Amino acid sequence: MKRLLIAMGATGALCAGLIAGPAAGQETIYAPKDCTKPKVEPNRITLTCADAGAQLTNLGWNTWNTEKVKGRGRLLLKNCDPNCAEGGVNRYKVKVKLLTPKVSTCRGRSLMMYQRAHLRFPDEKPPNAKRLRSFRLFCNG
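Keep in mind the model is a prediction, meaning the values are calculated, not measured.

Peer 1: Would you take a moment to explain the overall build of the protein chain for this structure?
Peer 2: Scanning the protein chain for helices and strands turns up one helix and eight strands. Reading the helices (α) and strands (β) of the protein chain from amino to carboxyl end gives α-β-β-β-β-β-β-β-β. Out of the 141 residues belonging to the protein chain, those deemed buried represent 35%. Taking all contacts inside the protein chain whose residues are at least 6 apart in sequence as the whole, residues at least 24 apart take part in 42%. On the protein chain, roughly 9000 Å² of surface is accessible, and the fraction owed to carbon and sulfur atoms is 52%.

What follows is the structure, encoded as structure tokens:
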């Protein structure tokens, strides 16, 4: 019985460590959610901060807090038909990789943040898909 209780305690401590987040000494890595808000595992990232013409939404991540993280979601892309102010939005399934974590300033704080987003389109590709493969991530706050 005593061995069982010790084993259960050790298992609980191990699980608590896994759930708690990054290991001691490892910095949490953020991504800019809406060009001004640093978030861990954001469900939305605005790629074009000036006009919000390209946004990643419904994001889910396989991993986080590593040199390269992978996720899936949707790219919302303004179609500017008849013009960008009145046009609609097209949606595309997308695979996302966030890369190049570096210390950046966001909302007055120095944070480790992903600097690049690489996109792949598993199904229908948007017009000019080659131009939409890589984005620099910004935090303007």
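Now that the structure has been shown, we can carry on.
Peer 1: Looking at this structure, I do not really get the side chain of N65. What am I missing?
Peer 2: Examined against the element boundaries, N65 turns out to sit in the loop between strand 4 (54-61) and strand 5 (69-78). The exposure class assigned to N65 is buried, which follows from its relative accessible area of 11%. There is a polar contact of 3.2 Å between the side chain of N65 and the backbone oxygen of E27.

Peer 1: Teacher, can you tell me more about the pattern of salt bridges here?
Peer 2: Side chains that differ in charge, positive against negative, can pair when their charged atoms come close. All chains considered together, the criterion is met by three salt bridges. When the shortest N-O distance is used, the salt bridge between K37 and D34 registers 3.6 Å. Owing to a relative accessible area of 32%, K37 belongs among the partly exposed residues under this scheme. K93 serves as the salt-bridge partner of D123, at 3.5 Å between the closest nitrogen and oxygen. Of the two residues, D123 sits in the loop between strand 7 (109-120) and strand 8 (134-136) while K93 sits in strand 6 (residues 89-106), which places them 30 residues apart along the sequence. Classification of D123 by relative accessible area gives partly exposed; the value is 45%. It is possible to trace a salt-bridge network through shared partners that takes in D34, K37 and R44.

Peer 1: What exactly am I supposed to notice about the confidence of the model for the protein chain here?
Peer 2: Detailed conclusions should not be drawn from predicted coordinates in areas where pLDDT is low. Averaged over the protein chain, the pLDDT score is 83; the fraction of residues at 70 or greater is 82%. This stretch, residues 4-24, has a pLDDT under 50; its non-local contacts, to residues over four places away or in other chains, come to two contacts.

Peer 1: Even after reading the chapter, I still don't get the environment of P42, so can you show me in this structure?
Peer 2: As for its position among the elements, P42 is in the loop between strand 2 (38-39) and strand 3 (45-46). Note: C-alpha distance between P42 and W61 (19 residues apart in sequence) is 8.8 Å. With near-sequence residues (within four places) excluded, P42 lies in contact with A31, K33, L59, W61 and W64.

Definitions and limits used
- Residues numbered from 1 in each chain as written.
- Predicted model: local features only at pLDDT ≥ 70, side-chain atom pairs only at ≥ 80, totals over all residues.
- Heavy atoms only, no water.
- Helix = DSSP H or I, 4+ residues; strand = E, 2+ residues; numbered from the N terminus.
- Buried < 20%, exposed > 50% of the residue type's maximum accessible area, 1.4 Å probe, protein only.
- Contact = heavy atoms within 4.5 Å.
- Areas by Shrake-Rupley, 256 points an atom, 1.4 Å probe, with all protein chains shown as cover.
- Polar contact = N/O pair within 3.5 Å; in protein donor to acceptor, adjacent residues only side chain to side chain.
- Salt bridge = Lys/Arg side-chain N within 4 Å of Asp/Glu carboxyl O.
- pLDDT = per-residue confidence, 0-100.

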